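Chain by chain, the residues:
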Amino acid sequence: MPFKRYVEVGRVALVNYGKDYGKLVVIVDVIDQNRALVDSPDMVRGQMNFKRLTLTDIKIDIKRVPNKKTLVAAMEAADVKNKWEKSSWGRKLIVQKKRASLNDFDRFKIMLAKIKKAGVVRQELAKLKKETTA
Amino acid sequence: MGRYKSSPLIRPINNHISQPIRVSIISPHCRFNPPHFTGATTPTGTMAPKDRKPHVSRNPDLIRGVGKYSRSKMYHKRGLWAIKAKNGGSFPKHEKKAIAAAPVEKPPKFYPADDVKKPLVNKRKARPTKLRASITPGTVLIILAGRFKGKRVVFLKQLTSGLLLVTGPFKINGVPLRRVNQSYVIATSTKVDISAVNVEKFDDKYFGKKAEKKTKKGEGEFFEAEKEEKNTLPQDKKDDQKTVDAALIASIEAVPDLKSYLGARFSLKAGMKPHELVF
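Residues numbered from 1 in each chain as written. Chains lettered and ligands numbered in written order. Predicted model: local features only at pLDDT ≥ 70, side-chain atom pairs only at ≥ 80, totals over all residues. Heavy atoms only, no water.

Trainee: What is the right way to read the overall build of chain A from this model?
Mentor: Counting its regular elements, chain A contains four helices and five strands. Secondary structure of chain A in N-to-C order comes out as β-β-β-β-β-α-α-α-α. For chain A, the proportion of its 134 residues judged to be buried stands at 31%. Taking the contacts inside chain A whose residues are at least 6 apart along the sequence as the reference set, 48% of them involve residues at least 24 apart. (Helix = DSSP H or I, 4+ residues; strand = E, 2+ residues; numbered from the N terminus. Buried < 20%, exposed > 50% of the residue type's maximum accessible area, 1.4 Å probe, protein only. Contact = heavy atoms within 4.5 Å.)

Shown next, in the form of C-alpha cells:
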C-alpha cells in the first residue's frame, strides 16, 4: 500500500487540533522532520506540527514560501474552496457543522420531514411489492 | 482623604488652610491644593461659589504621592503671593460662622435595664430576578418540571415577583396563562411575534390564591358543598385566556409547522447530548 498524499510545498491540509481546528491550510515549507510552515488566506503564516495536520488530496502549484498575494492567487487558480466543498470529506464536514448548529425548532421540522419521506418511500415500496407478487 | 481641588487665583481661601496639622495628614501632593470651598466665606472674586468648574491640579504627579513642583514653587504658581498682596500682606480672613446653640436635650425619663441590640442596617432592595438575555417577550420556552414538563410554551413577560408569565397557548397545548420560574425553563432561540398581545393587566395578584370567605364550622354536607365551588375557574379568567390566545394563535399560524411544534412535548432521545445541543 504505497502512500498517495505526500507532504510537499503546496499540499492542502486540514488542521485537526488547536486554535485553528477545522481550517484548510497550505503547506508552504517544511521546517524539519516534525514541523511545517503553514499558511492560509485568513491566518498569519506560522509553524505547525505534522501531527496537527491531516493531508488532503488537494495540491496547489506554488513555489516555496510564496507571498500572501501569490498564495491567494494560486488558491483561486486551483479552486481549492470549491474542490473541497464538493469532495465527500468536505461535504461530510459541512453536514456535521449544520447538524451541530440546529435549533430545537429545526430539529422538529427535520423530524417531520423524515417521517414524511419515510412514508413516501414505504408507499412506493408497497406498490412495487404488489406488482411483483401480482 | 479625597483629593482637594486646586484654586484659581480669585478663589477665596478658607480659614483652615492656615492649620498645618490638618494639611500634613493628606498625601504630600494634596498639600499644594487648598481644601474644597465650603461656601460660607465671602467671595473675593466675581464668581459665585456654585459656578466654579472643578479645576485640575496644577502640580502633576511624577509618581503617585510625589508632585513635580515643590511647596514654594506651588505657592508662586497658585498666586498666593498676589492674594496676600491684595489683602495687605496677610491672607484674607473671614469671621467664623456662629454655631447655633443646640436645643437643650432633657434627660430621658426611662433607662431600660438591659441593653437592647439594634439590628444591623440593611439597604438591600427587593428586585425581580435578573432575566436571562436569551429570554425576550415572544420566546418559546421549554418547561422542565411540574405538570407541564416538556411543553413548549410562549413567554409573555416577567412579573414583579421575578416569575415568568407564560401561555401555551391553551388551545394548542393545554398550558394556560401561568407563572413559571426562570430556573425551570430552557429558552430556545425561536421567537413568536407578540406585539398584538396586551399583557398589561396580569400581575402576581391575579395569580394569587383568592382570600377565602369565612367558613363556618359546619361539617359533613356543608364542607363538600364548599369544596365543589372552589374547583371551577371563574369565567373572567377563561375570557382573559381567550383574548390573549386569539392574537397569539394568529401570529403562530403565520409560521409553518410552529403550531405542531408548540403542541409537541420535548424529550431527550438517544444520542442527544444536552450540553452539545443548541436550543
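Trainee: Help me understand the overall build of chain B in this model?
Mentor: Secondary structure assignment for chain B yields nine helices and seven strands. Within chain B, the fraction of its 279 residues that count as buried is 30%. Within chain B, contacts between residues at least 6 apart in sequence are counted, and of these 67% link residues at least 24 apart. Per element, the accessible surface of chain B, about 20,700 Å² overall, is 57% carbon and sulfur. (Areas by Shrake-Rupley, 256 points an atom, 1.4 Å probe, with all protein chains shown as cover.)

Trainee: Sorry, what's going on with the sheet that holds strand 7 (residues 185-191) of chain B here?
Mentor: The strands making up a sheet are joined through hydrogen bonds of the backbone, oriented either antiparallel or parallel. Residues and elements named next belong to chain B. Ordered in space as 6-5-4-3-7, the five strands form an open sheet in which the pairing is antiparallel. Lying at the two open borders of the sheet, with one neighbouring strand each, are strand 6 (178-180) and strand 7. With strand direction ignored, the average angle separating the axes of adjacent strands in the sheet is 45°. Sheet topology note: the strand 4 (residues 152-158)/strand 5 (residues 164-167) ladder contains four bridges and is antiparallel. (Pairing = 2+ DSSP bridges. Axes fitted to C-alpha atoms, helices over the stretch in contact; angles between N-to-C directions.)

Trainee: Looking at this structure, I do not really get the interface of chain B and chain A. What am I missing?
Mentor: Note on interface size: it is often stated as the accessible area lost on association of the parts. Opposite the 18 residues of chain B that make contact, chain A presents ten residues. With both chains or domains summed, chain B and chain A bury close to 980 Å², and 56% of this area falls on carbon and sulfur atoms. Summed over the three residues of chain B that lose the most area to chain A, namely B:Asp257, B:Tyr261 and B:Val278, the buried surface amounts to 47% of that side. Counting every contact that joins chain B to chain A gives one salt bridge. Between A:Asp104 and B:Arg152 there is a salt bridge, and its shortest N-O distance comes to 3.1 Å. For the pair chain B and chain A, the number of links is four residue pairs in polar contact (both at pLDDT 80 or more). When contributions to the side of chain B that touches chain A are tallied by element, the ones reaching two or more residues are strand 7 and helix 9 (258-263) of chain B. Taken together, the residues that form the side of chain B that touches chain A break down as eleven nonpolar, four polar and three charged. (Buried area = accessible area lost by both parts, 1.4 Å probe. Salt bridge = Lys/Arg side-chain N within 4 Å of Asp/Glu carboxyl O. Polar contact = N/O pair within 3.5 Å; in protein donor to acceptor, adjacent residues only side chain to side chain. Nonpolar A, V, L, I, M, F, W, Y, C, P; charged D, E, K, R; others polar.)

Trainee: Is there a simple way to think about unusual backbone geometry in this case?
Mentor: Residues apart from glycine generally show negative phi values, whereas peptide bonds are mostly found in trans. B:Gly168 connects to B:Pro169 through a cis peptide bond whose omega is 0°. Within the element layout of this structure, B:Pro169 appears in the loop between strand 5 and helix 5 (170-173). In this structure, A:Asp79 takes a positive phi of about 60° despite not being glycine. For A:Asp79, the position within the fold is in the loop between helix 1 (68-78) and helix 2 (80-86). Although it is not a glycine, B:Asp257 adopts a positive phi angle of roughly 70°. Of note, B:Asp257 is situated in the loop between helix 8 (235-253) and helix 9.

Trainee: Would you mind showing me how to read a nonpolar patch on the surface here?
Mentor: All names here are of chain B. A cluster of nonpolar residues, Leu62, Ile63 and Val66, forms a patch on the protein surface that exposes about 300 Å² of accessible area. In this fold, Val66 is placed in strand 2 (residues 66-67). Residue Val66 is classed as partly exposed on the basis of its relative accessible area, which comes to 38%. (Patch = residues over 30% accessible without salt bridge, like charges linked within 9 Å, V, L, I, M, F, W, Y side chains within 5 Å.)

Trainee: I tried to follow the side chain of A:Asn103 on my own but got confused; where do I start?
Mentor: Mapped onto the elements of the fold, A:Asn103 is located in the loop between helix 3 (88-100) and helix 4 (104-133). For A:Asn103, a relative accessible area of 13% gives the class buried. Of note is the side chain of A:Asn103, whose polar atom sits 3.0 Å from the side chain of B:Ser189. Apart from residues no more than four positions distant in its own chain, A:Asn103 is found in contact with B:Ser189, B:Thr190, B:Val278 and B:Phe279.

Trainee: Honestly, the pairing of strand 5 of chain B in this entry has me stumped. Any pointers?
Mentor: One face of the sheet, then the other: side chains in a regular strand alternate in exactly this way. Residues and elements named next belong to chain B. Of the two faces of strand 5, both are covered, the one formed by Leu164 and Val166 as well as the one formed by Leu165 and Thr167. Adjacent in sequence and paired antiparallel, strand 4 and strand 5 are bridged by five residues, among which Gly162 carries a positive phi angle near 105°. Where strand 5 lies against strand 6, three bridges are found, and the strand directions are antiparallel. Across the sheet, the residue bridging to Leu165 is Arg179, located in strand 6.

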